[in-house]
Amino acid sequence: MKTSPKPAEPQAFHIPCDRRRFFRSMAIASAGFTLPGFLAEAVAATPIVTQGPYYPLADDIPLDKDNDLVQLDDRLTLANGVVTHITGRVLDANGNPVRNALVELWHADREGDYLYSAGSGRNAACDANFAGFGQFLTGSTGRFRFRTIKAGLYVGRTRHYHWGVTLPGRTTRSTSQTGWNEVAYGLTGAAWGTQNSNDNVFSTVPAAQRASLLLDFTAVPGTTTGEVQAEWDFVSGFTPTEPTYPGGGSLTVAGTPVAGPVGSDPRYRITVPAYAGYTYEIYGNPTLADLGWRALPFSLSATGSIDRHKHTATAEGALSFFVEDAAERGFYQVSYRVPGANTGTP
Ligand SMILES: [Fe+2]
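Residues numbered from 1 in each chain as written. Predicted model: local features only at pLDDT ≥ 70, side-chain atom pairs only at ≥ 80, totals over all residues. Heavy atoms only, no water.

Trainee: Help me understand the overall build of the protein, please; the structure alone is not making it clear to me.
Mentor: Each helix and strand in the protein was counted, giving two helices and 18 strands. Per-residue burial over the protein gives 47% buried out of 346 residues. Across the protein, the fraction of contacts at a sequence separation of at least 24, relative to all contacts at a separation of at least 6, is 71%. Taken as a whole, the protein presents about 16,700 Å² of accessible surface, with 56% of it coming from carbon and sulfur. (Helix = DSSP H or I, 4+ residues; strand = E, 2+ residues; numbered from the N terminus. Buried < 20%, exposed > 50% of the residue type's maximum accessible area, 1.4 Å probe, protein only. Contact = heavy atoms within 4.5 Å. Areas by Shrake-Rupley, 256 points an atom, 1.4 Å probe, with all protein chains shown as cover.)

Trainee: What is the right way to look at the sheet that holds strand E6 (residues 174-180) in this model?
Mentor: Either a parallel or an antiparallel arrangement is found when strands of a sheet pair, and the pairing is made through backbone hydrogen bonds. Taken in spatial order, the five strands of this open sheet run E3-E2-E5-E6-E7, and their pairing is mixed. Sheet topology places strand E3 (133-137) and strand E7 (214-215) at the edges, where each strand pairs with a single neighbour. Sheet topology places strand E2 (residues 102-106) next to E3; five bridges connect them, and they run antiparallel. Across the sheet, residue Leu 102 finds its bridge partner in E3, namely Leu 137. (Pairing = 2+ DSSP bridges.)

Trainee: Explain the coordination of the iron ion to me, please; I cannot follow it from the model alone.
Mentor: Geometry sets the ideal angles at a metal, namely 109.5 degrees for four tetrahedral donors and 90 or 180 degrees for six octahedral donors. Coordination of the iron ion by the protein comes from Tyr 114 (OH), Tyr 154 (OH), His 160 (NE2) and His 162 (NE2), over a distance range of 1.9 to 2.2 Å. Classification of the site at the iron ion as irregular follows from its four donor atoms and the range of 90 to 166 degrees in their angles at the metal. Coordination of the iron ion draws on donor residues from a single chain, spaced Y-x39-Y-x5-H-x1-H in sequence. Taken as a pair, His 160 and His 162 share a single burial class, namely buried. (Donors = N, O, S within 2.8 Å, 3.2 Å for Na, K, Ca; no water. Tetrahedral: all angles 85-135°; square planar, octahedral: opposite > 155°, others 65-115°.)

Trainee: Is there a simple way to explain unusual backbone geometry in this structure?
Mentor: As a rule of thumb, non-glycine residues mostly have phi less than zero, and peptide bonds are mostly trans rather than cis. A positive phi angle, close to 50 degrees, is found at Asp 73, a residue other than glycine. With respect to the element layout, Asp 73 can be found in the loop between helix H1 (19-30) and strand E1 (83-91). Judged by its relative accessible area of 43%, Asp 73 is partly exposed. For Asn 100, which is not glycine, the phi torsion reads 65 degrees and is therefore positive.

Trainee: Would you mind showing me how to read the pattern of salt bridges here?
Mentor: Pairing between side chains of opposite charge can happen when their charged atoms approach one another. Following the criterion strictly, the structure yields 11 salt bridges and no others. Here Arg 147 makes a salt bridge to Asp 68, at a shortest N to O gap of 3.0 Å. A residue pair is termed long-range when its members are at least 10 positions apart, and Arg 147 in strand E4 (residues 143-149) and Asp 68 in the loop between H1 and E1 qualify at 79 residues. The exposure class assigned to Asp 68 is buried, which follows from its relative accessible area of 12%. Three or more residues joined by partner-sharing salt bridges are found here, namely Lys 65, Glu 281 and Arg 337. (Salt bridge = Lys/Arg side-chain N within 4 Å of Asp/Glu carboxyl O.)

Trainee: Please clarify how the packing of aromatic side chains should be interpreted in this entry.
Mentor: Here the structure, examined in full by the defined rule, presents 20 aromatic pairs. For the ring pair Phe 136 and Phe 146, a centre distance of 6.5 Å and an interplane angle of 65 degrees mean the geometry is edge-to-face. With Phe 136 in strand E3 and Phe 146 in strand E4, the pair connects residues that are 10 residues apart, well separated along the chain. Phe 136 gets classed as buried once you look at its relative accessible area, which sits at 18%. With a relative accessible area of 0%, Phe 146 lands in the buried category. One aromatic cluster in this structure is built from Phe 136, Phe 144, Phe 146, Tyr 161, Trp 163, Trp 180, Phe 217, Trp 232 and Phe 234. The aromatic ring of Trp 180 is capped on one face by Lys 150, whose charged end is 4.6 Å from the ring centroid. (Phe/Tyr/Trp six-rings, centres within 6.5 Å; stacked < 30°, edge-to-face > 60°. Lys NZ or Arg CZ within 6 Å of the ring centre and 35° of its normal.)

Trainee: Looking at this structure, how should I read the confidence of the model for the protein?
Mentor: Detailed reading of the predicted coordinates is not advisable wherever pLDDT is low. For the protein, per-residue confidence averages 82 on the pLDDT scale, and 81% of positions sit at 70 or higher. A low-confidence stretch, residues 1-41 (pLDDT under 50), is modelled with 57 contacts involving residues beyond four sequence positions or located in other chains. (pLDDT = per-residue confidence, 0-100.)

Trainee: Honestly, the pairing of strand E9 (residues 228-231) in this entry has me stumped. Any pointers?
Mentor: The side chains of a regular strand alternate, residue by residue, between the two faces of the sheet. Side chains Val 228 and Ala 230 of E9 all project onto a buried face; the interleaved residues Gln 229 and Glu 231 project onto the opposite face, where all are buried too. By the bridge criterion, two bridges tie strand E8 (residues 218-219) to E9 in an arrangement that is antiparallel. When the sheet's bridge partners are listed, Ala 219 is paired in E9 with Val 228.

Trainee: Any chance you could explain the sheet that holds strand E12 (residues 256-258) here in plain terms?
Mentor: Spatial ordering of the open sheet is given by E12-E13-E17, a layout of three strands whose pairing is antiparallel. The open sheet terminates on both sides in strands that have one partner only, identified here as E12 and strand E17 (317-323). Shown here is a sheet whose adjacent strand axes are inclined to one another by a mean of 40 degrees, direction ignored. (Axes fitted to C-alpha atoms, helices over the stretch in contact; angles between N-to-C directions.)

Trainee: Explain the environment of Thr 204 here, please?
Mentor: Inspection of the secondary structure assignment puts Thr 204 in the loop between E6 and helix H2 (207-210). For the pair Thr 204 and Pro 47, spaced 157 residues apart in the sequence, the C-alpha separation amounts to 9.9 Å. In this structure the side chain of Thr 204 is engaged in a polar contact, spanning 2.6 Å, whose partner is the backbone oxygen of Val 201. (Polar contact = N/O pair within 3.5 Å; in protein donor to acceptor, adjacent residues only side chain to side chain.)

Trainee: Is there a simple way to explain the environment of Glu 324 in this structure?
Mentor: Inspection of the secondary structure puts Glu 324 in the loop between E17 and strand E18 (331-337). Glu 324 sits in the partly exposed class, given a relative accessible area of 45%.

Trainee: Teacher, can you tell me more about the pairing of E2 here?
Mentor: Burial of E2 is extensive: five of the five residues sit out of reach of the surface. What you see with E2 is no split at all: Leu 102, Glu 104 and Trp 106 on one side and Val 103 and Leu 105 on the other are buried throughout. The sheet contact formed by E2 and strand E5 (residues 160-166) spans five bridges and is antiparallel. Each bridged residue has a counterpart across the sheet, and for Leu 105 the counterpart in E5 is Trp 163.

Pasting the structure below:
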């Protein structure tokens, strides 16, 4: 997919609707009223490609699993590699944007090491400052965005990203992979043994569809550090089904200070009425210094370790969470999602 040069933007994540995208979206919008064939291509479903063996296990995934894979937590040291922005949309088979689709991205670090570890905890060889995995829940426009690094190469594969997309109403992800239109060179500068043309995964995709997975990356205007960007739409063959009652949503809840573990700061107890099977996450309210809602890790007891970002209730009734972060204005946002929904970070 070729992307026209774009003007400099103050926000690195914001990529404007360019002329080509405009025409393409027009084609998609009118596809339902025209003869199939020519325009049907505009909404051809994204080829489904193997998930591969390195989707991270629960133990591997960092608490910080947002859509910025370059910076882990609040660290000053960023992941090694070429900073890379990917934006796009999740569309259904009719070309309509899909809201509440969970988009997951995972890939190797600059050296070709995944976060994945068959043992407990993340792979020690993986760049300690690289998140390795991120999620994004789409809004009404279906758009998603990620900041990550150029994926590293490992033996047997050309350069690639792994994607998982879960539509509302589905309990399993659809997986695909995207590559780079390039001759891949290893870190030593030598041409890599496996290129797009002889890669054993991309080779399984019919040639006519393969181009939709091999992206052109262009320099991000106005940056001096070699950042690149690409756009990619994921077109699902499934129809999303939004749950009706009680759908996902959020509650605004005040926190009550309680004693934490011996020798530590107090914690804040947040109690909500919970439903069995629903998944809950806690967000801190925005401040002047930080306008975004921030996912807060929590414990299920006043003195237990703060070790999770989400919890699926097993029974109906009052449920308490314990966080360490004081809410600037005294309240928290508790998001909840319906049973079976693959959960991410809004
Ligand atoms: Fe892979």
